[in-house]
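Here's the letter readout for the chains.
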Amino acid sequence: MCGIAGYSGPQIPGLMPAMLDRIRHRGPDDSGEYHNDKVQLGMVRLSIIDLAGGHQPITNEDESIWVVFNGEIFNYIELRAELDAKGHRFKTSSDTETIVHAYEEYGACFANKLNGMFTIALWDSRSETLHVYRDRYGVKPLFFSTKDGGLIFASEIKSLLVHPAINRDLDFEAFSHYLSLRNVPAPFTIFKDIRALRPGEMLTFQGPGTTKVLQWYQLPSQIRWTDSDENELVERIDDLLRDAVRLRLRSDVSYGAYLSGGIDSSSVVAITSEFSSTPVKTFTLAFADSPDHKRDAFFARQVAEQYATEHHECVMSASDLQNELPLVIRHLDQPFAGVISSFWLSRFMKQFVTVALSGDGADDMFGSYGHHRLVWPIAEMHRAYEKGEPPDKVDLSFFRGREEFVAKLAKYQPWEWRLAYAAYMEREKEQVLSASAREQLRPFSTTKFLREIYEQADPATDELNKMLQLDIKTLLPNEILYFNDMLSMAHSLEVRTPFLDYRLAELASSIPGSLKIRDGKLKYILRRVAERYVSKEILDRPKEGFVLPKNTWLRAGLSGMLDEVLAPDRLAQHGLFNNEYIARLKQEFLSGDDALTFKLWTLIVFQVWFEQQI
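Since we're looking at a predicted model, the values are computed, not measured. (Residues numbered from 1 in each chain as written. Predicted model: local features only at pLDDT ≥ 70, side-chain atom pairs only at ≥ 80, totals over all residues. Heavy atoms only, no water.)

### Details of the overall build of the chain
For step 1, the next point in the chain: Along the backbone of the chain there are 27 helices and 17 strands.
For step 2, the next point in the chain: The C-alpha radius of gyration computed for the chain amounts to 24 Å, which stays within 12% of the reference 25 Å derived for 614 residues, consistent with globular compactness.
For step 3, the next point in the chain: For the chain, the spread of C-alpha atoms along the three principal axes comes to 75 × 60 × 50 Å.
For step 4, the next point in the chain: Buried residues in the chain amount to 61% of all 614 residues.
For step 5, the next point in the chain: Long-range contacts, defined here as pairs at least 24 residues apart, represent 73% of the contacts in the chain between residues at least 6 apart.
For step 6, the next point in the chain: Surface exposure of the chain reaches about 22,700 Å², of which carbon and sulfur atoms provide 48%. (Helix = DSSP H or I, 4+ residues; strand = E, 2+ residues; numbered from the N terminus. Rg over C-alpha atoms; globule rule 2.2 N^0.38 Å. Buried < 20%, exposed > 50% of the residue type's maximum accessible area, 1.4 Å probe, protein only. Contact = heavy atoms within 4.5 Å. Areas by Shrake-Rupley, 256 points an atom, 1.4 Å probe, with all protein chains shown as cover.)

### Quick word on the environment of Arg503
For step 1, the next point in the chain: Note on placement: Arg503 falls in helix α20 (residues 502–509).
For step 2, the next point in the chain: Looking at Arg503, the relative accessible area reads 25%, which means it is partly exposed.
For step 3, the next point in the chain: Note: C-alpha distance between Arg503 and Leu285 (218 residues apart in sequence) is 30 Å.
For step 4, the next point in the chain: Ignoring anything within four residues of it in the chain, the contact list for Arg503 reads Asn115, Leu240, Asp243, Ala244 and Leu247.
For step 5, the next point in the chain: In terms of polar contacts, Arg503 uses its side chain to reach the side chain of Asp243, at 2.8 Å. (Polar contact = N/O pair within 3.5 Å; in protein donor to acceptor, adjacent residues only side chain to side chain.)

### Overview of the sheet that holds strand β5 (residues 65–73)
For step 1, the next point in the chain: Pairing is antiparallel across the open sheet formed by six strands, whose spatial order is β4-β5-β6-β7-β11-β12. The open sheet is flanked by β4 (58–59) and β12 (212–215), the only strands paired with a single partner.
For step 2, the next point in the chain: Pairing geometry for strand β6 (residues 116–124) and strand β7 (residues 129–134), over six bridges, is antiparallel. In the strand pairing of β7, Ile120 is matched with Tyr133.
For step 3, the next point in the chain: Helix α3 (residues 96–106) rests against β4, β5, β6 and β7 of the sheet, and its axis sits at about 125 degrees to β5. (Pairing = 2+ DSSP bridges. Axes fitted to C-alpha atoms, helices over the stretch in contact; angles between N-to-C directions.)

### Re the pairing of strand β13 (residues 255–258)
For step 1, the next point in the chain: As paired strands, β13 and strand β16 (residues 355–357) are joined by three bridges and run parallel to one another. Its bridge partner being in β16, Ala257 is matched across the sheet by Leu357.
For step 2, the next point in the chain: Bridge count for β13 against strand β14 (residues 281–287) is three bridges, and the pairing is parallel. Looking at the pairing, Tyr258 lines up with Phe283 of β14.
For step 3, the next point in the chain: Each parallel crossover has a hand, and the one from β13 via helix α7 (residues 263–275) to β14 is right-handed. (Right-handed = clockwise from strand over helix to strand, strands pointing away.)

### So, the pattern of salt bridges
For step 1, the next point in the chain: Enumeration according to the criterion identifies 45 salt bridges in this entry.
For step 2, the next point in the chain: Its salt-bridge partner being Asp485, residue Arg26 comes within 2.9 Å of it at the nearest N-O pair. Residue Arg26 is found in the loop between α1 (15–22) and β2 (30–35), and its partner Asp485 is found in helix α19 (residues 475–489); the two are separated by 459 residues along the sequence.
For step 3, the next point in the chain: For Glu230, the salt bridge identified is with Arg518, shortest N-O distance 3.2 Å. Taken together, the positions of Glu230 in helix α6 (residues 230–247) and Arg518 in the loop between α20 and α21 (524–530) put the pair 288 residues apart, joining distant regions of the chain.
For step 4, the next point in the chain: On the accessibility criterion, Glu230 (11% relative accessible area) is buried. (Salt bridge = Lys/Arg side-chain N within 4 Å of Asp/Glu carboxyl O.)

### Structural notes on the nonpolar core
For step 1, the next point in the chain: In this structure, Ile120, Ile340, Phe577 and Trp601 are the most contacted members of the largest nonpolar core, which totals 194 residues.
For step 2, the next point in the chain: In contact with Trp601, not counting residues within four places along its chain, are Leu321, Leu325, Ala337, Ile340, Lys550, Leu554 and Met561.
For step 3, the next point in the chain: Counting residues in each nonpolar core, the second largest holds 19 residues, with Val68, Trp123, Leu130 and Phe144 among its members. (Core = buried A, V, L, I, M, F, W, Y, C linked by side-chain atoms within 4.5 Å.)

### Considerations on the side chain of Glu230
For step 1, the next point in the chain: There is a polar contact of 2.7 Å between the side chain of Glu230 and the side chain of Tyr524.
For step 2, the next point in the chain: Within polar-contact distance, the side chain of Glu230 engages the side chain of Arg528 at 2.4 Å.
For step 3, the next point in the chain: Beyond its immediate sequence surroundings of up to four residues, Glu230 is in contact with Leu515, Arg518, Tyr524, Ile525 and Arg528.

### Section: the sheet that holds strand β1 (residues 2–8)
For step 1, the next point in the chain: Judged by pairing direction, the sheet is antiparallel, and its six strands sit side by side in the order β2-β3-β1-β9-β8-β10 without closing on themselves. The open sheet has two edge strands, β2 and β10 (195–196), and neither has a second partner.
For step 2, the next point in the chain: Bridging between strand β8 (residues 143–145) and β10 involves two bridges; their strand directions are antiparallel. Bridge pairing in β10 links Phe143 to Ala196.

### A word on α6
For step 1, the next point in the chain: For α6, spanning 18 residues, the distance from its first C-alpha to its last is 26 Å, which sits close to the expected 26 Å at 1.5 Å a residue.
For step 2, the next point in the chain: Turning to α6, its buried residues number three or more, namely Glu230, Leu233, Val234, Ile237, Asp238, Leu241, Ala244, Val245 and Leu247.
For step 3, the next point in the chain: Considering only its buried residues, α6 is in contact with α2 (76–85), α7, β16, α11 (362–366), α20 and α21. (Expected span 1.5 Å × (residues − 1).)

### Details of the packing of aromatic side chains
For step 1, the next point in the chain: Counting across every chain of the model gives 24 aromatic pairs.
For step 2, the next point in the chain: Here Tyr103 and Phe110 contribute two aromatic rings whose centre-to-centre distance is 6.0 Å and whose plane-to-plane angle is 90 degrees, an arrangement assigned as edge-to-face. The pair formed by Tyr103 and Phe110 is uniform in burial state, with each residue classed as buried.
For step 3, the next point in the chain: Seen in terms of ring centroids, Phe399 and Phe405 are 5.9 Å apart; in terms of plane orientation they differ by 25 degrees. Their pairing is stacked.
For step 4, the next point in the chain: Judged by relative accessible area, Phe399 falls into the buried class, the value being 4%.
For step 5, the next point in the chain: For Phe405, a relative accessible area of 26% puts it in the partly exposed group.
For step 6, the next point in the chain: An aromatic cluster is present here, built from Phe175, Tyr178, Phe191, Phe577, Phe606, Trp609 and Phe610 joined pairwise through their rings.
For step 7, the next point in the chain: Over the face of the ring belonging to Tyr217 we find Arg136, whose NZ or CZ atom lies 5.2 Å from the ring centre. (Phe/Tyr/Trp six-rings, centres within 6.5 Å; stacked < 30°, edge-to-face > 60°. Lys NZ or Arg CZ within 6 Å of the ring centre and 35° of its normal.)

### A short note on the environment of Ile73
For step 1, the next point in the chain: Along the chain, Ile73 turns up in strand β5.
For step 2, the next point in the chain: Overall, the relative accessible area of 1% leaves Ile73 in the buried class.
For step 3, the next point in the chain: Through-space distance from the C-alpha of Ile73 to that of Lys521 is 35 Å; in sequence the pair is 448 residues apart.
For step 4, the next point in the chain: In contact with Ile73, other than residues within four places in its own chain, are Asp95, Thr98, Ile99, Leu114, Asn115, Gly116 and Phe118.

### A word on the pairing of strand β3 (residues 39–45)
For step 1, the next point in the chain: For β3, a buried count of seven out of seven residues is recorded, marking the element as mostly surrounded by other parts of the structure.
For step 2, the next point in the chain: A two-sided burial pattern is seen for β3, the buried positions comprising Val39, Leu41, Met43 and Arg45 on one face and Gln40, Gly42 and Val44 on the other.
For step 3, the next point in the chain: Alignment of β1 against β3, held across seven bridges, turns out to be antiparallel. Paired with Ser8 across the bridge in β3 is Val39.
For step 4, the next point in the chain: Alignment of β2 against β3, held across six bridges, turns out to be antiparallel. The partner of Ser31 across the bridge, within β3, is Val44.
For step 5, the next point in the chain: The antiparallel hairpin formed by β2 and β3 contains three residues in its connecting segment.

So, in structure tokens, the structure goes:
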């Protein structure tokens, strides 16, 4: 695991060391640079594979190809054997060197041979072309700028901001999307000069003004299985998950696993325990003065006892959040109002391990979030409307007794009601913004942005899989994997996600939604697999999510934050918000309206970020 950076044109004295210094936390063990008169490459290294021989940049025999790389190639042993058989000769035992020879053998489409998480920058001096790749689902981030026709790129935005060509002008379209989604979705960033490479994209650069961005990978969306294939699918999912875990245990340093006590992380821990010759180190985040419904720590202890892991608990409090929120936001680079609790747990884990496995990706592939639960009830509501049947006769599954709520959202298209489970819908943005900001943001629509992505799904697929496809292209890379990477690498901890092995992800995308949420059971088909590893109590426990109890804390230990951060004089620094509307939100929240938690937290985070960065 590393951080990479680069820019086109002649070398600027002192610039590359400054760019690398900003991302030193990603790779404290080593660093390296490559320079010529056309392109400059650099990297900082967190040593995981081939500790002694994995120094980067890595080149081929005649030094015509140079690579810097962030991530891991999990099938590097198999790929190396394949390339050895074709006559390639290796100088190191690192996974990075397989990239060089795979490019030599297979050309620019070599990334299809990789099973891993990565961003890669590869300079081919023969064609004078720079190729930059991001992995299939966006586990690793890559940001770039084409300011003045050149190219600047890095693993984190803070590194690009060092370059003299980049300024900090706010991108108002990105800001509009942030208010709706609580994150800034690729290809946007909050800075007008900087873009994000989307998952499965590659960038090529051959000189000033020649940057092209192409899609090298697209997750298939065609359904290939039926309900009658359930038992065969259970076997296939189990086999692929086990192999994905096995590959992700390849490491020359210590490893462990996140453990929330849910079926995803618990299944990963169970399989890891089978492959590991020593007790697996497991880690759970608990909260001081935690509300009764937060029971992750309790269930995690059960799993840890079942598999005899070396279990550790990290306990954080409201004061930790208040004291270190500015530091967390500084690491995230952009306003981000999603999950941030991994910052504290990852820092705690780094005392014991350098690599950690997680259950991330399972919810997005198999269906588990709140808005996933709404898909079938809304679909049934629409069918009732079409047939002229009374809506109160519809089976609302998770939403029994909430007919009015479902009927209200059913009036919207899926890409519209999806925002009800984020922060601000379009009409609500109109209210929270000041008059001048409304004019600046009026041309931009998050619902249109989501619609264009939603409609890319196979028209023949079912409603749930269409929503999952939307999340895999938006929520997964821009929120789940974003905090996963940025807040773990803040402490030089590498996180590996077996559920995002591309073989398992492609299988999941071909399974009908009727096997993902069925009879009131989330991730139904995955539960069938998890039955082999966890107790019935774990299977039946309600989903909590890896989130802070912000609604409780904002009314108690953090109550002052609402008035301090969202004070009119501080908001006046940018004049983007309607102070009267925010005051009303605060009052309604303090009176008990938990539905406003995300809305207020979105504003708090933006304000802290703005004061830091702008």
